[in-house]
Amino acid sequence: MDFIPDPAEQSFRDEVRSFIAGALPPEIAARTRLDFRPRREDMQEWNAVLYRKGWSAPGWPKEYGGTGWSPVQRHIFAEECAAADAPALSVFGLQLAGPTIYTFGSAQQKRRHLPGILSGDVFWCQGFSEPEAGSDLASLRTQAVHDGDEWVITGRKIWTTHAHFADMIFCLARTDPEGKPQRGLSFFLIDMKTPGISMRPIITIDRSHEVNEVVLDNVRVPSDGLIGEVNRGWDYAKFLLTCERTFSAHVPKSRRALRRLKEIAARERQGGVPLADDPVFRGKIAEAEVELQALEFAVYRTLSDAAGTSAVGTILKMRGSELEQRLTGLIIEALGPRALRYWPDPSWDASLSNVLLHPEDEPGAMGTHLFLRAATIYSGSNEIQRNIIAKRVLGL
Amino acid sequence: MDFAETNEQSLLRESVRRFAAKTHPFKGGVQPVLGAAGNWNDIAANGWTAISLPEEAGGIGASPVELAIVLEEFGRGLVAEPFVSCVVLAARAIALLGSPEQLAIVERVIEGNLLLAFAHEERTTRGAIAEVATSAKRDGGGWRLSGAKTCVHGAPGADKLLVSARTSGAPGQSVGISLFLVPTSGAGIERADYMTIDGFEAADIVFDEAFVPADAIVGPEGGAYATLRDVIDLAIVALCAEALGNMERTLQLTRDYAMLRRQFGKTIGSFQAVQHRLADMLTELEMSRSSLYSALASRFSTDRTAQSRAASGCKAFIGRAGRFICENAIQLHGGLGMADEVEVGHHYRRVLAIDAAFGNTDYHLRRFAALA
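What counts and how
- Residues numbered from 1 in each chain as written.
- Chains lettered and ligands numbered in written order.
- Predicted model: local features only at pLDDT ≥ 70, side-chain atom pairs only at ≥ 80, totals over all residues.
- Heavy atoms only, no water.
- Helix = DSSP H or I, 4+ residues; strand = E, 2+ residues; numbered from the N terminus.
- Rg over C-alpha atoms; globule rule 2.2 N^0.38 Å.
- Buried < 20%, exposed > 50% of the residue type's maximum accessible area, 1.4 Å probe, protein only.
- Contact = heavy atoms within 4.5 Å.
- Areas by Shrake-Rupley, 256 points an atom, 1.4 Å probe, with all protein chains shown as cover.
- Lys, Arg positive; Asp, Glu negative; His and termini not counted.
- Charge placed at Lys NZ, Arg CZ, Asp CG, Glu CD.
- Buried area = accessible area lost by both parts, 1.4 Å probe.
- Salt bridge = Lys/Arg side-chain N within 4 Å of Asp/Glu carboxyl O.
- Polar contact = N/O pair within 3.5 Å; in protein donor to acceptor, adjacent residues only side chain to side chain.
- Nonpolar A, V, L, I, M, F, W, Y, C, P; charged D, E, K, R; others polar.
- Core = buried A, V, L, I, M, F, W, Y, C linked by side-chain atoms within 4.5 Å.

**Student:** Explain the overall build of chain B here, please?
**Tutor:** Of the regular secondary structure elements, chain B holds 10 helices and 10 strands. For chain B, the C-alpha radius of gyration of 21 Å lies close to 21 Å, the compact-globule estimate for 372 residues. Taking all 372 residues of chain B together, the buried fraction comes to 60%. Sequence separation of 24 or more characterises 74% of the internal contacts of chain B that already satisfy a separation of 6 or more. Counting only carbon and sulfur atoms, one obtains 54% of the accessible surface of chain B, whose full area is about 14,300 Å². Averaging the positions of the 35 positive and the 43 negative side-chain charges in chain B gives two centres separated by 5 Å.

Structure below.
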């Protein structure tokens, strides 16, 4: 083990920073700065810019379009993107569907789907959770029945982020109703334009439209919509959930939030005293920063753990989500009563936002705080994370 | 000390609860809209606008217990009406300080014919009452007001504002603050109306040499601080009572959900982790109620410092406990807790707003310690 600093890292950071400064469209950065829910157009345009540079999927194997960067370089890149107010790219293609397809898919499936994911032209959403299957995902009821050359899929998915503008959905469905629930699931890739798919928006407590309920009514999926083997879907889902782990610590995003918090604390005053000079508030900022620093190294450790045997990987989602929430909480605390103003999120109704928005009003701050109450719920609730740690790490 | 509600108090509670259920039935997933019709007439018709106002001004001079009962039911029922701003703050300040002519305004508020809004907090106030920078400079027979007030509850629908402004002294000094009755619009008055996240109407108001006549001043010139402190202390207790209603309803909803929702072949309420969390929430709720009662008790003495200290202690406690209960409630509801169609998120937004109003937990811990 050593921690000898690598001088090449600073020049890499400079290169990345300078590229982003030249290539990130200012209107997109300005919109991202406001912290409303990201728009498809913004994610797509930035994805295309990165794709042309060959940088849209740094974590992928080089043979599939990855950059071959070290874990530290990938982290530097993500940090610089977040700091510059580049929109976060949709994770469902690049981080979830893509890795599943290049790991378990056929050559034909890879040829068909990977380019669109890399370029960002094709948007994905995740059909896992159902009204009756949240934490107990394996009990899901959406059924897939083989009919000739096709699968006929019927069921209901919920909390489906981006379904309203996605082109494709990857879905877990039950192909064998007998036996252990986990052993009867299969993994499907489905075109959202397939007849039988309908949806309704679910407005979340931040008053944005980000998630949906998706109904599949006898949706006919060709045989090449099945990934890998029938009834092995749970294994592929578990693989996918491990992929989620490292990015779900959201260190670059939290570093950006910490920077924003310090700016706000310097601006907001009680009487003549900036909040940043209030010893109690300064202490709270310090606690959050200390946690972030440790989390960053927890991510490096996990990325270096090729065998996936280290315990540290199991804590990332839990501590990462709690830190995100702590930071949004401190931001709205710093804003005081100004955080209480309701700024309509354009994602619910574009016509609602006809007021000129000033970044220093932080119009998206409260919405982000409310939306991120979900961070400890999605991607495996923090209660489930604790179960996993207790069982798999501690052997209890 | 007697903790049992009297018959009248129970009847009051039931009638407010019925009012809330009838006039403010829960509706989620709806875009909040300025200018939606409220139910102020019912609130006045029921006599609740007279609670906490002295008899000399036409009120019923009821004890703070009755006020707490009304507000708790408002919280439980998510009643978004400018009651605290209009009655507990603006009308009460005028009732305590106003001239006989100005007391007539209080009567009209009680009757439901006039709405006031309390415009005191500024961007740098954040609970520190003396942090007023808005100035009032003499001009002929009246004054010209200049400054900016933030998040004034009820301003969009109000008939008049009660505005704190300095006739002397510097921000941070308790001496020199005066109160003025000011129109809600006019020359030198710029209002930005908006909804707050918890469904209330509010405004940011900028005064630019706005003229008010001689009789607009309420109470002694430069001497409003003590009254401001008193009305704000009572308002803080009222808001804590409201939050308690939000918190109790939230715990009830979450307990019911835990008994209904099944995963892994059993109700989620069967899991010990969930049971312990709900037990912690119940504990915080009962402690919060106890903290509120200690603040209510302080209102029965005449020791103003003790009253301020008790209000701060209660606000600090309930600010934190409210966030604890409501955040855990959302967590235990899982994905459903994130849906605007579901009630828990609405209670969370209200407790966040109450925590931020008139000083947050950190501020009130500091004031509590300073008043020792």
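**Student:** It is not clear to me how the overall build of chain A should be interpreted in this structure. Could you clarify?
**Tutor:** In terms of helices and strands, chain A carries 12 helices and 10 strands. The C-alpha atoms of chain A give a radius of gyration of 22 Å, which matches the 21 Å a tight globule of 396 residues would have. Referenced to the eigenvectors of the C-alpha coordinate spread, the extents of chain A come out at roughly 75 × 55 × 50 Å. Per-residue burial for chain A yields a buried fraction of 54% across its 396 residues. Of the contacts made within chain A by residues no fewer than 6 positions apart, 73% connect residues no fewer than 24 positions apart. Per element, the accessible surface of chain A, about 17,200 Å² overall, is 53% carbon and sulfur. Averaged over its 47 positive side-chain charges, chain A has a centre that lies 2 Å from the centre of its 51 negative ones.

**Student:** What should I look at first to understand the interface of chain A and chain B in this one?
**Tutor:** By a frequent convention, interface size equals the accessible area lost on bringing the separate parts together. Each partner contributes to the interface: chain A provides 48 residues, whereas chain B provides 46 residues. Taken together, both faces of the contact between chain A and chain B bury some 4,100 Å²; the carbon and sulfur share is 54%. If you sort the residues of chain A by the area they bury against chain B, Ile205, Gln270 and Leu340 of chain A come out on top, with a joint share of 18%. The interface formed by chain A and chain B includes 6 salt bridges. For Arg200 of chain A, the salt bridge goes to Glu341 of chain B, with nearest N and O atoms at 2.9 Å. Where chain A meets chain B, there are 28 residue pairs in polar contact (both at pLDDT 80 or more). Residues belonging to the side of chain A that touches chain B are distributed by class as follows: 24 nonpolar, 10 polar and 14 charged.

**Student:** I'm lost on the nonpolar core in this one. Help?
**Tutor:** A general trend in soluble globular proteins is that nonpolar side chains are found buried together. Residue and element names in this part refer to chain B. Ranked by size, the top nonpolar core spans 133 residues in total, and within it Phe74, Phe83 and Leu116 carry the most contacts. Element by element, the count of residues in this core is highest for helix α6 (residues 225-260), at 18 residues. Every residue in contact with Phe74, bar those within four places of it in the chain, is listed here: Val16, Phe19, Ile43, Trp48, Val79, Phe83 and Glu242.

**Student:** How do you make sense of unusual backbone geometry when you look at a structure like this?
**Tutor:** Of all residues except glycine, most have a negative phi; of all peptide bonds, most are trans. All names here are of chain A. Unlike most non-glycine residues, Asn218 shows phi in positive territory, near 55 degrees. Tracing the backbone through its elements, the reader meets Asn218 in strand β7 (residues 209-222). The phi dihedral of His250 is positive, around 55 degrees, even though this residue is not glycine. Among the secondary structure elements, His250 is positioned in the loop between α7 (233-247) and α8 (251-267). Since its relative accessible area comes to 18%, His250 is described here as buried.

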